[in-house]
Amino acid sequence: MNIAGLAEALQKQVLGSVKINEFMSRHTTWHIGGPADIFFTPAHREDLKKAMNFANVYKVPITIIGGGSNILVSDEGIRGLVINLCGLKKIVFGGEALI
């Protein structure tokens, strides 16, 4: 499945924002970085769980970011799914699981 197809399939499962070819320069404090294949901002914790499961099922690499202050992104961008956790209030990981 191509990137647009993956993004469309993910958007059908979640409430959050799914964008394709989103420039990472919009999400880093240094304002640098090429496009993320798929850029996802979850609406809530269940969205995050669904996106991580989606990536696992479709074998899509995941990159997780926060506010973008400690990240430098190449002009080539990031392949796979970038998940922006900036809008979530609390995230708890238990071992290898999101709880």
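Residues numbered from 1 in each chain as written. Predicted model: local features only at pLDDT ≥ 70, side-chain atom pairs only at ≥ 80, totals over all residues. Heavy atoms only, no water.

Novice: Even after reading the chapter, I still don't get the sheet that holds strand β4 (residues 78–84), so can you show me in this structure?
Specialist: In a beta sheet, neighbouring strands pair by backbone hydrogen bonds and run either parallel or antiparallel. Here we have four strands laid out as an open sheet, ordered β1-β2-β4-β3, and mixed in their pairing. The open sheet has two free edges, formed respectively by β1 (17–23) and β3 (62–65), since each of these has just one partner strand. Neighbour-to-neighbour, the strand axes of this sheet turn through a mean angle of 30°, independent of strand direction. For β3 and β4, the ladder comprises four bridges, and the chain directions are parallel. The partner of Ile 65 across the bridge, within β4, is Asn 84. Set on the sheet, helix α1 (residues 3–11) makes contact with β1, β2 (35–41) and β4; between it and β1 the angle comes to about 155°. Strands in contact with helix α2 (residues 45–58) are β2, β3 and β4; relative to β4, the strand with the most contacts, it is inclined by about 165°. (Pairing = 2+ DSSP bridges. Helix = DSSP H or I, 4+ residues; strand = E, 2+ residues; numbered from the N terminus. Axes fitted to C-alpha atoms, helices over the stretch in contact; angles between N-to-C directions. Contact = heavy atoms within 4.5 Å.)

Novice: When you look at the side chain of Asn 84 in this model, what are you seeing that I'm missing?
Specialist: Of note, Asn 84 is situated in strand β4. Classification of Asn 84 by relative accessible area gives buried; the value is 9%. Not counting residues within four places of it along the chain, the set of residues in contact with Asn 84 comprises His 27, Phe 39, Phe 40, Thr 41, Pro 42, Ile 65 and Gly 66. (Buried < 20%, exposed > 50% of the residue type's maximum accessible area, 1.4 Å probe, protein only.)

Novice: When you look at the nonpolar core in this model, what are you seeing that I'm missing?
Specialist: Side chains of a nonpolar character, in soluble globular proteins, are inclined to be buried together. Of all hydrophobic cores here, the largest spans 17 residues; its most connected members are Leu 10, Val 18, Ile 38, Phe 40, Ala 51, Leu 81 and Ile 83. Within the residue set of this core, elements represented by two or more residues are α1, β2, α2 and β4. What Val 18 contacts, discounting residues up to four positions off in sequence, is Ala 7, Leu 10, Gln 11, Ile 38, Phe 39 and Phe 40. Met 24, Ala 36, Val 73 and Val 82 belong to the second largest nonpolar core, which has eight residues in total. (Core = buried A, V, L, I, M, F, W, Y, C linked by side-chain atoms within 4.5 Å.)

Novice: Can you walk me through the packing of α1 against α2 in this structure?
Specialist: Helix packing geometry: the angle between the two helix axes and the distance between the axes. Put simply, α1 and α2 touch, their axes get as near as 11 Å, and they point 140° apart. Taken together, the axes of α1 and α2 lie oblique to each other. Crossing angle aside, the handedness with which α1 passes α2 is right-handed. Residue-level inspection shows Leu 6, Ala 9 and Leu 10 of α1 in contact with α2, the latter providing Ala 51, Phe 54 and Tyr 58. (Parallel < 35°, antiparallel > 145°, perpendicular 65-115°, else oblique. Left-handed = near helix turned anticlockwise from the far one by under 90°.)

Novice: How should the side chain of Asp 37 be read in this particular structure?
Specialist: Mapping Asp 37 onto the fold places it in strand β2. Among the polar contacts made by the side chain of Asp 37, one reaches the main-chain amide nitrogen of Gly 80 at a distance of 2.8 Å. Apart from residues no more than four positions distant in its own chain, Asp 37 is found in contact with Ile 3, Lys 19, Ile 20, Asn 21, Ile 78, Arg 79 and Gly 80. (Polar contact = N/O pair within 3.5 Å; in protein donor to acceptor, adjacent residues only side chain to side chain.)

Novice: I would appreciate a short explanation of the environment of Phe 39 in the present structure.
Specialist: As for its position among the elements, Phe 39 is in strand β2. Through-space distance from the C-alpha of Phe 39 to that of Ser 17 is 8.0 Å; in sequence the pair is 22 residues apart. Beyond its immediate chain neighbours, meaning those up to four positions away, Phe 39 contacts Ser 17, Val 18, Lys 19, Glu 22, Met 24, His 27, Ile 65, Val 82 and Asn 84.

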